[in-house]
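Below are the chains, spelled out letter by letter.
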Amino acid sequence: MTARRLLACAALLLAALIACTRPTPPALRIGTNVWIGSEPLYLARELGRLDAAQVQLVEYPSASEVLRAYRNQAIDGMVISLDELFGLAAEGFDPRVVLVVDVSHGADAVVGRAGLQTMRDLAGKAVAVEGGALGAFVLSRALALSGMQPNEVKVVHLESNEHPQAFEQGQVDAAVTFDPYRTRLLRAGGQTLFDSTRIPGEIVDLIAVRKPVLDDRPQAVHALLAGWFAAVDFMRAQPQDAAHRMGVRQQTSAEQFLQAQRGLHVPTREENLAMLGGANPGLAASGRRLMGLMIEAKLLRSSVDIESLLAPAPLAALPP
């Protein structure tokens, strides 16, 4: 064998050794809070349809903690509401939306004590709100549509998982909430004073990842999206079984879970592509209105380029 051939063989062997010893990248860490809209991800994991080598779910007690984990580089992506996404983008973070998880149509609410009938009955009363997260936006819209000013209520900043105990112990008169916590407040005698049916299309939940993830971890993003739609398909084919499985994690019955889920619309793949992609993404149009409302309510310090935050390519590449 000639020296040239020996060198070529050695180079091939070295390349093979490097490939074999190259460390496997860690799983993509996706943060969620306790919320029915995130449950399809956990259903996908339970069904074995979410590749554990590619995606790791990290559950936090509240949306505020998810946002904190993202800011601190503890997670690579998260389930996040559109208003929260705008806040991160305005702070200089670079999230990219790869999926619209759900659109709220009654699932987010302000629940008050028995005897309270309308938002106006909350004047001068204490309202639990998760600061820095979706709750602040919901309260601002509920007050505005009721002809009230923010200073007419006493805001008590509590994380969402702390709301039921504060409500039950009489520390607050109302809470901006969502399931599973809303159900607990209603069981404690609470009354719905406002819900997201009054603000259609304004509360949208998303899966967003850091921008570099799109180039560095395309297989993981693919696994994440494939797992999501496998779970959604199972939910539509076997609604009772799916609701039972997801209800166990939420500590509710299958019937209660299905009832809560009626307050959400889960977009199909085709609806997602229309919201995220094309010449005029649907999410950009509704997002601009939301952004204007947030700036007016002083919940967002500056506008952001919505289209630059949308990343439909991974979903478009997913087989139908």
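Right above here is the structure, for reference.
Residues numbered from 1 in each chain as written. Predicted model: local features only at pLDDT ≥ 70, side-chain atom pairs only at ≥ 80, totals over all residues. Heavy atoms only, no water.

A.B. asks: What is the right way to read the packing of aromatic side chains from this model?
C.D. replies: The relative placement of two aromatic rings is captured by the distance of their centres and the angle of their planes. The full count for this structure, using the stated rule, is 3 aromatic pairs. Taken together, a centroid distance of 5.4 Å and an interplanar angle of 85 degrees make the contact between Trp35 and Phe178 edge-to-face. Taken together, the positions of Trp35 in the loop between β1 (28-33) and α2 (39-46) and Phe178 in strand β8 (residues 174-178) put the pair 143 residues apart, joining distant regions of the chain. As far as burial versus exposure is concerned, Trp35 and Phe178 are alike and both buried. A network of ring pairs unites the aromatic residues Trp35, Phe178 and Tyr181 as a single cluster. The side chain of Arg113 reaches across the aromatic face of Phe167, ending 4.5 Å from its centre. Lying over the aromatic face of Tyr42, Arg249 brings its terminal NZ or CZ to 3.7 Å of the ring centre. (Phe/Tyr/Trp six-rings, centres within 6.5 Å; stacked < 30°, edge-to-face > 60°. Helix = DSSP H or I, 4+ residues; strand = E, 2+ residues; numbered from the N terminus. Buried < 20%, exposed > 50% of the residue type's maximum accessible area, 1.4 Å probe, protein only. Lys NZ or Arg CZ within 6 Å of the ring centre and 35° of its normal.)

A.B. asks: Sorry, what's going on with the packing of helix α9 (residues 218-237) against helix α10 (residues 239-250) here?
C.D. replies: To characterise two packed helices, one gives the angle between the axes of the helices and the distance between these axes. Across the interface, α9 lies against α10 with an axial gap of 5 Å and an inter-helix angle of 120 degrees. Put simply, α9 runs oblique to α10. The segment α9 lies against α10, with Phe234, Met235, Arg236 and Ala237 engaging Pro239, Asp241, Ala242, Arg245 and Met246. Class assignment for the residues of the contact of α9 with α10 results in 6 nonpolar, no polar and 3 charged. (Axes fitted to C-alpha atoms, helices over the stretch in contact; angles between N-to-C directions. Parallel < 35°, antiparallel > 145°, perpendicular 65-115°, else oblique. Contact = heavy atoms within 4.5 Å. Nonpolar A, V, L, I, M, F, W, Y, C, P; charged D, E, K, R; others polar.)

A.B. asks: Looking at this structure, how should I read helix α4 (residues 82-90)?
C.D. replies: Each full turn of the α-helix corresponds to 3.6 residues, which orients residues three or four apart in the same direction. For α4, a buried count of 9 out of 9 residues is recorded, marking the element as mostly surrounded by other parts of the structure. Among all positions of α4, only Leu82, Asp83, Glu84, Leu85, Phe86, Gly87, Leu88, Ala89 and Ala90 are buried. Following α4 by one or two positions, Gly92 adopts a phi angle in the positive range, close to 105 degrees.

A.B. asks: When you look at the layout of surface pockets in this model, what are you seeing that I'm missing?
C.D. replies: Over the atoms, a rolled probe matching the size of one water molecule traces out where space is still vacant. There is about 380 Å³ of room inside the largest pocket. Counting residues per element, the lining of the largest pocket draws most heavily on helix α5 (residues 134-145), which supplies 6 residues. Split into classes, the residues belonging to the lining of the largest pocket amount to 12 nonpolar, 3 polar and 2 charged. (1 Å grid on protein atoms, 1.4 Å probe; cavity = no way out; pocket = protein on both sides within 12 Å on 5 of 7 lines; lining within 4 Å. Points joined across faces, edges and corners; volume = space filled by probe spheres on them.)

A.B. asks: Looking at this structure, I do not really get the side chain of Ser62. What am I missing?
C.D. replies: In this structure, Ser62 sits in the loop between β2 (55-60) and α3 (63-71). We classify Ser62 as buried; its relative accessible area is 0%. Side-chain polar atoms of Ser62 contact the side chain of Glu130, separated by 3.3 Å. Not counting the four nearest positions on each side in its chain, Ser62 is found in contact with Asn33, Glu130, Glu159, Ser160 and Asn161. (Polar contact = N/O pair within 3.5 Å; in protein donor to acceptor, adjacent residues only side chain to side chain.)

A.B. asks: Help me understand empty space enclosed by the protein, please; the structure alone is not making it clear to me.
C.D. replies: Inspection of the entire model under this criterion finds 3 cavities of 30 Å³ or more. In this model, the largest cavity occupies a volume close to 260 Å³. Every residue lining the largest cavity is counted, 20 residues in all, and those nearest its centre are Asn33, Ala63, Glu84, Leu134 and Phe178. Elements supplying a minimum of two residues to the lining of the largest cavity: α3, β3 (77-81), α5 and β8. A per-class count over the lining of the largest cavity returns 10 nonpolar, 6 polar and 4 charged.

A.B. asks: Before we go on, may I ask you to explain the nonpolar core in this structure?
C.D. replies: In a soluble, globular protein the nonpolar side chains are often hidden away together inside. With 54 residues, the main nonpolar core has Phe86, Val110, Met119, Leu122, Leu206 and Leu283 as its most contacted residues. Residues contacting Val110, with those up to four places away along its chain left out, are Met119, Leu122, Val138, Ala142, Ala174, Ala175, Val176, Gln191, Thr192, Leu193 and Phe194. Counting 45 residues, the second-largest nonpolar core is a separate cluster that includes Ile36, Tyr181, Ile207 and Ala243. (Core = buried A, V, L, I, M, F, W, Y, C linked by side-chain atoms within 4.5 Å.)

A.B. asks: Looking at this structure, how should I read the environment of Pro320?
C.D. replies: Assignment of secondary structure puts Pro320 in the segment after α15 (313-316). It is 9.8 Å that separates the C-alpha atoms of Pro320 and Phe229, two residues lying 91 residues apart in sequence.

A.B. asks: Help me understand the sheet that holds strand β5 (residues 108-112) in this model?
C.D. replies: Backbone-to-backbone hydrogen bonds pair the strands of a sheet. The strands run either parallel or antiparallel. Reading across the sheet, the 5 strands line up as β7-β6-β8-β5-β9 and stay open at both edges, with mixed pairing between neighbours. Two strands lie at the open edges of the sheet, namely β7 (154-157) and β9 (191-195), each paired on one side alone. Strand-to-strand, the axes of this sheet are offset by a mean angle of 30 degrees, without reference to chain direction. For strand β6 (residues 126-129) and β8, the ladder comprises 2 bridges, and the chain directions are parallel. Bridge pairing in β8 places Ala128 opposite Ala175. (Pairing = 2+ DSSP bridges.)

Fair warning: the whole summary comes from geometry, so function is off the table for now.
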